[in-house]
Amino acid sequence: MSRIDDLPPLREVIAAHGLSARKELGQNFILDLNLTARIARMAGDLAQSDIIEIGPGPGGLTRGLLAEGARRVLAIEKDARCLPALEQIAAHYPGRLGVVAGDALTVDPLAHGLVPPIRICANLPYNVGTELLVRWLTPPQWPPFWTSLTLMFQREVAERITARPGGRAYGRLAILAQWRAEARIVMDLPPQAFTPPPKVSSAVVHLTALPAPRHPADPALLSRVVAAAFGQRRKMLRASLRGLHPAIEDLLHEAGIPPTERAEQVPLEGFCALARALAAAL
Ligand code: SAM
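The shown structure was predicted, so the numbers you read here are calculated from the model rather than taken from an experiment. (Residues numbered from 1 in each chain as written. Predicted model: local features only at pLDDT ≥ 70, side-chain atom pairs only at ≥ 80, totals over all residues. Heavy atoms only, no water.)

## Brief notes about the overall build of the protein
Note the following rule: A run of DSSP states H or I qualifies as a helix once it reaches four residues; a run of E qualifies as a strand once it reaches two. Both are numbered from the N-terminal end. When we talk radius of gyration, it's over C-alpha atoms, and the globule rule is simply 2.2 Å times the number of residues to the 0.38. To sort residues, take the accessible area from a 1.4 Å probe on protein chains only and compare it with the maximum for the residue type: under 20% means buried, over 50% means exposed, and anything in between is partly exposed.
The helix and strand inventory of the protein stands at eleven helices and seven strands. Its C-alpha atoms give the protein a radius of gyration of 21 Å, near enough to 19 Å, the size a compact globule of 282 residues would have. Dimensions of the protein along its principal axes, counting C-alpha atoms only, are 65 × 40 × 30 Å. Of all 282 residues assigned to the protein, the portion counted as buried reaches 51%.

In C-alpha coordinates form, the structure reads like this:
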(Lines give C-alpha, C1' and ligand atoms only; values in the text may rest on other atoms or scores of the structure.)
Protein backbone atom coordinates (compact mmCIF):
# COMPACT_ATOMS: atom_id res chain seq x y z
CA MET A 1 0.00 0.00 0.00
CA SER A 2 1.45 3.39 -0.95
CA ARG A 3 1.79 5.87 1.91
CA ILE A 4 -0.06 9.16 1.79
CA ASP A 5 2.02 10.77 4.56
CA ASP A 6 4.88 10.10 6.99
CA LEU A 7 2.68 9.69 10.04
CA PRO A 8 2.34 6.26 11.69
CA PRO A 9 -0.19 3.75 10.29
CA LEU A 10 -3.64 4.09 11.85
CA ARG A 11 -3.47 0.70 13.59
CA GLU A 12 -0.41 1.95 15.46
CA VAL A 13 -2.12 5.25 16.28
CA ILE A 14 -5.14 3.41 17.66
CA ALA A 15 -2.96 1.08 19.74
CA ALA A 16 -0.73 3.89 21.01
CA HIS A 17 -3.67 6.02 22.18
CA GLY A 18 -5.94 3.18 23.36
CA LEU A 19 -8.73 4.08 20.93
CA SER A 20 -10.85 0.96 21.27
CA ALA A 21 -14.02 1.62 19.25
CA ARG A 22 -17.07 2.79 21.21
CA LYS A 23 -20.39 1.77 19.74
CA GLU A 24 -22.34 4.56 21.45
CA LEU A 25 -20.18 7.09 19.55
CA GLY A 26 -20.74 5.36 16.21
CA GLN A 27 -17.05 4.52 16.00
CA ASN A 28 -16.41 2.49 12.87
CA PHE A 29 -13.00 3.63 11.71
CA ILE A 30 -11.53 3.52 8.20
CA LEU A 31 -7.90 2.45 8.51
CA ASP A 32 -6.99 2.36 4.81
CA LEU A 33 -5.47 5.76 4.08
CA ASN A 34 -5.68 5.26 0.33
CA LEU A 35 -9.43 4.85 0.77
CA THR A 36 -9.74 7.96 2.95
CA ALA A 37 -7.72 9.90 0.37
CA ARG A 38 -10.18 8.73 -2.32
CA ILE A 39 -13.13 9.91 -0.23
CA ALA A 40 -11.36 13.23 0.34
CA ARG A 41 -10.97 13.73 -3.42
CA MET A 42 -14.75 13.32 -3.83
CA ALA A 43 -15.21 16.55 -1.83
CA GLY A 44 -14.12 18.74 -4.74
CA ASP A 45 -11.52 21.46 -5.02
CA LEU A 46 -9.76 20.93 -1.68
CA ALA A 47 -6.88 23.36 -2.27
CA GLN A 48 -9.28 26.29 -2.59
CA SER A 49 -11.60 25.25 0.26
CA ASP A 50 -11.87 25.20 4.03
CA ILE A 51 -13.22 21.83 5.16
CA ILE A 52 -15.33 20.99 8.18
CA GLU A 53 -14.92 17.38 9.28
CA ILE A 54 -17.27 15.92 11.87
CA GLY A 55 -15.91 13.04 13.94
CA PRO A 56 -12.27 12.70 12.84
CA GLY A 57 -11.63 9.88 15.35
CA PRO A 58 -8.03 8.69 14.97
CA GLY A 59 -7.73 10.92 11.89
CA GLY A 60 -7.91 8.68 8.83
CA LEU A 61 -10.12 10.97 6.75
CA THR A 62 -8.44 14.05 8.24
CA ARG A 63 -5.11 12.79 6.93
CA GLY A 64 -6.70 12.02 3.57
CA LEU A 65 -8.04 15.57 3.32
CA LEU A 66 -4.73 17.17 4.30
CA ALA A 67 -2.58 14.90 2.11
CA GLU A 68 -4.88 15.69 -0.81
CA GLY A 69 -4.20 19.38 -0.29
CA ALA A 70 -7.11 20.82 1.71
CA ARG A 71 -6.42 24.49 2.41
CA ARG A 72 -7.63 24.11 5.98
CA VAL A 73 -9.53 21.48 7.99
CA LEU A 74 -11.62 22.16 11.08
CA ALA A 75 -12.29 18.82 12.80
CA ILE A 76 -14.93 18.51 15.52
CA GLU A 77 -14.57 15.42 17.74
CA LYS A 78 -16.62 14.42 20.77
CA ASP A 79 -14.28 11.69 22.06
CA ALA A 80 -11.47 13.35 24.03
CA ARG A 81 -9.36 10.16 23.73
CA CYS A 82 -8.76 11.06 20.06
CA LEU A 83 -7.34 14.53 20.70
CA PRO A 84 -3.63 13.60 21.18
CA ALA A 85 -3.63 11.68 17.88
CA LEU A 86 -5.25 14.63 16.13
CA GLU A 87 -2.70 17.03 17.64
CA GLN A 88 0.07 14.94 16.06
CA ILE A 89 -1.58 15.39 12.66
CA ALA A 90 -1.92 19.13 13.31
CA ALA A 91 1.81 19.33 14.07
CA HIS A 92 2.58 17.49 10.82
CA TYR A 93 0.54 20.02 8.80
CA PRO A 94 1.32 23.35 10.53
CA GLY A 95 -1.49 25.90 10.40
CA ARG A 96 -3.83 23.68 8.39
CA LEU A 97 -5.69 21.60 10.99
CA GLY A 98 -7.83 23.01 13.78
CA VAL A 99 -9.34 20.56 16.26
CA VAL A 100 -12.42 21.40 18.30
CA ALA A 101 -13.26 19.09 21.19
CA GLY A 102 -17.02 18.91 21.46
CA ASP A 103 -20.36 17.72 20.18
CA ALA A 104 -21.06 18.58 16.53
CA LEU A 105 -24.72 19.12 17.49
CA THR A 106 -23.77 22.08 19.69
CA VAL A 107 -20.44 23.41 18.36
CA ASP A 108 -20.77 26.31 15.90
CA PRO A 109 -18.14 25.62 13.22
CA LEU A 110 -18.52 29.15 11.88
CA ALA A 111 -17.08 30.59 15.10
CA HIS A 112 -13.62 29.39 14.03
CA GLY A 113 -12.71 31.82 11.28
CA LEU A 114 -13.35 29.59 8.27
CA VAL A 115 -13.09 31.23 4.87
CA PRO A 116 -15.52 30.36 2.04
CA PRO A 117 -15.87 28.25 0.06
CA ILE A 118 -16.57 25.87 2.93
CA ARG A 119 -17.11 22.17 2.27
CA ILE A 120 -18.17 19.53 4.76
CA CYS A 121 -16.62 16.09 4.48
CA ALA A 122 -17.20 13.39 7.08
CA ASN A 123 -17.50 9.74 7.88
CA LEU A 124 -20.43 10.63 10.10
CA PRO A 125 -21.31 8.96 13.35
CA TYR A 126 -24.50 7.11 12.38
CA ASN A 127 -26.38 8.22 15.49
CA VAL A 128 -26.27 11.92 14.57
CA GLY A 129 -25.72 11.81 10.80
CA THR A 130 -29.30 12.36 9.64
CA GLU A 131 -29.92 15.10 12.19
CA LEU A 132 -26.83 17.00 11.04
CA LEU A 133 -27.79 16.58 7.38
CA VAL A 134 -31.30 17.94 8.01
CA ARG A 135 -29.82 20.94 9.83
CA TRP A 136 -27.42 21.66 6.96
CA LEU A 137 -30.30 21.39 4.48
CA THR A 138 -32.64 23.70 6.39
CA PRO A 139 -30.71 26.87 7.26
CA PRO A 140 -32.57 30.17 7.71
CA GLN A 141 -31.06 31.51 4.46
CA TRP A 142 -30.29 29.91 1.10
CA PRO A 143 -27.64 29.50 -0.30
CA PRO A 144 -26.21 27.97 2.88
CA PHE A 145 -22.73 28.54 4.32
CA TRP A 146 -21.49 25.32 2.69
CA THR A 147 -20.72 24.69 -0.96
CA SER A 148 -20.82 20.89 -0.81
CA LEU A 149 -21.37 18.00 1.60
CA THR A 150 -19.49 14.71 1.14
CA LEU A 151 -20.89 12.36 3.72
CA MET A 152 -20.80 8.70 4.63
CA PHE A 153 -24.15 7.15 5.52
CA GLN A 154 -25.61 3.71 5.90
CA ARG A 155 -26.48 2.66 2.34
CA GLU A 156 -30.19 2.69 3.16
CA VAL A 157 -29.99 6.36 4.28
CA ALA A 158 -27.95 7.27 1.18
CA GLU A 159 -30.74 5.75 -0.93
CA ARG A 160 -33.36 7.82 0.90
CA ILE A 161 -31.39 11.02 0.22
CA THR A 162 -31.03 10.36 -3.51
CA ALA A 163 -34.37 8.55 -4.14
CA ARG A 164 -36.62 9.42 -7.08
CA PRO A 165 -40.43 9.18 -6.91
CA GLY A 166 -42.07 5.79 -7.14
CA GLY A 167 -40.29 3.76 -4.50
CA ARG A 168 -40.24 3.14 -0.78
CA ALA A 169 -37.01 5.12 -0.31
CA TYR A 170 -38.64 8.32 -1.62
CA GLY A 171 -39.75 10.62 1.18
CA ARG A 172 -38.99 13.69 3.25
CA LEU A 173 -35.22 13.30 3.10
CA ALA A 174 -35.20 13.07 -0.73
CA ILE A 175 -37.36 16.18 -1.05
CA LEU A 176 -35.29 18.14 1.45
CA ALA A 177 -32.02 17.17 -0.20
CA GLN A 178 -33.08 17.53 -3.82
CA TRP A 179 -35.09 20.73 -3.56
CA ARG A 180 -32.04 22.90 -3.02
CA ALA A 181 -29.10 20.59 -3.73
CA GLU A 182 -27.81 18.13 -6.28
CA ALA A 183 -27.41 14.79 -4.47
CA ARG A 184 -25.76 11.61 -5.72
CA ILE A 185 -24.13 8.47 -4.37
CA VAL A 186 -20.45 8.56 -5.34
CA MET A 187 -19.03 5.50 -3.57
CA ASP A 188 -20.22 2.23 -2.03
CA LEU A 189 -18.36 0.66 0.87
CA PRO A 190 -18.82 -2.85 2.24
CA PRO A 191 -18.86 -3.40 6.04
CA GLN A 192 -15.27 -4.73 5.86
CA ALA A 193 -14.00 -1.28 4.88
CA PHE A 194 -14.47 -0.31 8.55
CA THR A 195 -12.96 -1.39 11.87
CA PRO A 196 -14.98 -2.77 13.53
CA PRO A 197 -17.26 -3.64 10.57
CA PRO A 198 -20.83 -2.34 10.99
CA LYS A 199 -23.79 -4.66 10.27
CA VAL A 200 -24.75 -2.88 7.06
CA SER A 201 -23.13 -1.47 3.92
CA SER A 202 -22.33 2.23 3.61
CA ALA A 203 -22.22 4.80 0.84
CA VAL A 204 -20.76 8.25 0.33
CA VAL A 205 -23.26 10.88 -0.80
CA HIS A 206 -22.06 14.09 -2.42
CA LEU A 207 -24.42 17.07 -2.27
CA THR A 208 -23.78 20.36 -4.01
CA ALA A 209 -25.78 23.40 -2.90
CA LEU A 210 -27.78 24.95 -5.75
CA PRO A 211 -27.69 28.76 -5.87
CA ALA A 212 -31.50 28.79 -5.52
CA PRO A 213 -34.25 26.17 -5.00
CA ARG A 214 -35.23 24.17 -8.10
CA HIS A 215 -38.85 25.37 -7.76
CA PRO A 216 -40.20 28.26 -5.71
CA ALA A 217 -41.91 27.39 -2.42
CA ASP A 218 -42.01 28.63 1.14
CA PRO A 219 -39.66 26.30 3.10
CA ALA A 220 -41.94 26.00 6.14
CA LEU A 221 -45.04 25.25 4.05
CA LEU A 222 -43.20 22.76 1.86
CA SER A 223 -41.97 21.03 4.98
CA ARG A 224 -45.54 20.87 6.40
CA VAL A 225 -46.95 19.46 3.17
CA VAL A 226 -44.22 16.84 2.85
CA ALA A 227 -44.40 15.82 6.52
CA ALA A 228 -48.19 15.36 6.29
CA ALA A 229 -48.03 13.54 2.94
CA PHE A 230 -45.34 11.06 3.97
CA GLY A 231 -46.57 10.79 7.57
CA GLN A 232 -49.38 8.62 6.14
CA ARG A 233 -47.72 7.54 2.93
CA ARG A 234 -50.14 4.69 2.17
CA LYS A 235 -53.15 7.01 2.16
CA MET A 236 -54.41 9.03 -0.78
CA LEU A 237 -53.28 12.64 -0.57
CA ARG A 238 -56.82 13.98 -0.20
CA ALA A 239 -56.95 12.01 3.08
CA SER A 240 -53.38 12.44 4.35
CA LEU A 241 -53.44 16.20 3.69
CA ARG A 242 -56.98 16.83 4.96
CA GLY A 243 -55.72 18.64 8.05
CA LEU A 244 -53.80 21.24 6.03
CA HIS A 245 -56.75 23.05 4.47
CA PRO A 246 -60.53 22.48 4.15
CA ALA A 247 -60.30 22.83 0.35
CA ILE A 248 -57.30 20.53 -0.04
CA GLU A 249 -58.82 18.70 -3.04
CA ASP A 250 -59.09 21.98 -4.95
CA LEU A 251 -55.54 22.89 -4.04
CA LEU A 252 -54.29 19.48 -5.20
CA HIS A 253 -56.04 20.01 -8.55
CA GLU A 254 -54.53 23.48 -8.77
CA ALA A 255 -51.08 21.96 -8.24
CA GLY A 256 -51.77 19.40 -10.98
CA ILE A 257 -51.85 16.45 -8.55
CA PRO A 258 -54.74 13.93 -8.67
CA PRO A 259 -56.23 13.88 -5.11
CA THR A 260 -56.25 10.08 -5.25
CA GLU A 261 -52.45 9.98 -5.72
CA ARG A 262 -50.17 8.73 -2.93
CA ALA A 263 -47.18 10.74 -1.71
CA GLU A 264 -44.67 8.29 -3.19
CA GLN A 265 -45.82 9.13 -6.73
CA VAL A 266 -45.57 12.92 -6.50
CA PRO A 267 -42.42 14.53 -7.89
CA LEU A 268 -40.63 17.33 -6.06
CA GLU A 269 -42.13 19.87 -8.45
CA GLY A 270 -45.65 18.76 -7.45
CA PHE A 271 -45.00 19.26 -3.74
CA CYS A 272 -43.60 22.73 -4.45
CA ALA A 273 -46.68 23.61 -6.55
CA LEU A 274 -48.91 22.40 -3.72
CA ALA A 275 -47.00 24.49 -1.16
CA ARG A 276 -47.52 27.54 -3.41
CA ALA A 277 -51.25 26.81 -3.81
CA LEU A 278 -51.55 26.41 -0.05
CA ALA A 279 -49.67 29.69 0.57
CA ALA A 280 -52.12 31.52 -1.70
CA ALA A 281 -55.13 29.95 0.06
CA LEU A 282 -54.10 30.63 3.66
N1 SAM B 1 -13.42 9.92 10.69
C2 SAM B 1 -13.03 8.66 11.30
C3 SAM B 1 -12.84 7.62 10.23
O4 SAM B 1 -13.32 7.85 9.12
O5 SAM B 1 -12.28 6.57 10.52
C6 SAM B 1 -14.02 8.21 12.36
C7 SAM B 1 -15.44 8.04 11.88
S8 SAM B 1 -16.51 7.28 13.07
C9 SAM B 1 -17.75 6.60 11.99
C10 SAM B 1 -17.44 8.63 13.79
C11 SAM B 1 -16.64 9.59 14.66
O12 SAM B 1 -17.51 10.62 15.15
C13 SAM B 1 -16.00 8.99 15.91
O14 SAM B 1 -14.69 9.43 16.02
C15 SAM B 1 -16.85 9.53 17.06
O16 SAM B 1 -16.13 9.66 18.28
C17 SAM B 1 -17.27 10.86 16.53
N18 SAM B 1 -18.54 11.38 17.10
C19 SAM B 1 -19.62 10.70 17.52
N20 SAM B 1 -20.60 11.53 17.89
C21 SAM B 1 -20.12 12.79 17.70
C22 SAM B 1 -20.66 14.09 17.90
N23 SAM B 1 -21.90 14.26 18.37
N24 SAM B 1 -19.90 15.17 17.60
C25 SAM B 1 -18.65 15.00 17.11
N26 SAM B 1 -18.08 13.80 16.91
C27 SAM B 1 -18.81 12.70 17.19
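Having seen it, we continue.
## Details of the pattern of salt bridges
Rule in force here: Any Lys or Arg side-chain nitrogen located within 4 Å of an Asp or Glu carboxyl oxygen qualifies as a salt bridge.
This structure, assessed with the given rule, holds eleven salt bridges. A salt bridge links Glu 156 to Arg 160; the shortest N-O distance between them is 3.0 Å. One end of the pair, Glu 156, and the other, Arg 160, are both in helix H6 (residues 155-162), four residues apart, so they sit about a helical turn from each other. Taking relative accessible area as the criterion, Arg 160 reaches 30% and is therefore assigned partly exposed. Here the salt bridges share partners, and the residues they tie into one network are Arg 155, Glu 159 and Asp 188.

## Concerning the domain arrangement of the protein
Where we set the bar: Just so you know, the domain bounds were taken from an automatic or database domain assignment. In what follows, a contact means two residues having at least one pair of non-hydrogen atoms within 4.5 Å. Note on definitions: buried area is the accessible-area loss of two parts on being combined, 1.4 Å probe, summed for both. Polar contacts, as counted here, are pairs of nitrogen or oxygen atoms within 3.5 Å of one another; within protein the pair requires one atom able to donate a hydrogen and one able to accept it, and residues that are adjacent in sequence qualify only if both atoms are side-chain atoms. All residues other than Ala, Val, Leu, Ile, Met, Phe, Trp, Tyr, Cys, Pro, Asp, Glu, Lys and Arg, Gly among them, are scored as polar; the first ten of these are nonpolar and the last four charged.
Taken domain by domain, the protein consists of domain 1 (10-209) and domain 2 (219-281). Of note, the centres of domain 1 and domain 2, computed from C-alpha atoms alone, are 34 Å apart. Contacts between the two partners involve eleven residues from domain 1 and, on the opposite side, 14 residues from domain 2. Summed over both sides, the interface between domain 1 and domain 2 buries roughly 980 Å², with carbon and sulfur atoms accounting for 67% of that surface. Contact with domain 2 buries area across many residues of domain 1, yet Tyr 170, Ile 175 and Trp 179 alone supply 51% of it, more than any other trio. The interface formed by domain 1 and domain 2 includes zero salt bridges. Here domain 1 is connected to domain 2 by five residue pairs in polar contact (both at pLDDT 80 or more). Looking at the side of domain 1 that touches domain 2 residue by residue, the class counts come to four nonpolar, four polar and three charged.

## So, empty space enclosed by the protein
The condition is simple: Put simply, the grid is 1 Å and covers the protein atoms alone, a cavity is a trapped set of points that fit a 1.4 Å probe, a pocket is an open set with protein on both sides within 12 Å along at least five of seven lines, and lining residues have an atom within 4 Å of a point. Grid points are joined across faces, edges and corners, and a volume is the space filled by probe spheres set on the points.
Per the stated rule, a full pass over the model turns up one cavity of 30 Å³ or more. There is about 50 Å³ of room inside the largest cavity. As for the largest cavity, its lining consists of Leu 7, Pro 8, Val 13, Pro 58, Arg 63, Ala 85, Gln 88 and Ile 89. Among the elements that line the lining of the largest cavity, the one with the most residues is helix H4 (residues 83-92), at three residues. When the residues that make up the lining of the largest cavity are grouped by side-chain class, the tally is six nonpolar, one polar and one charged.

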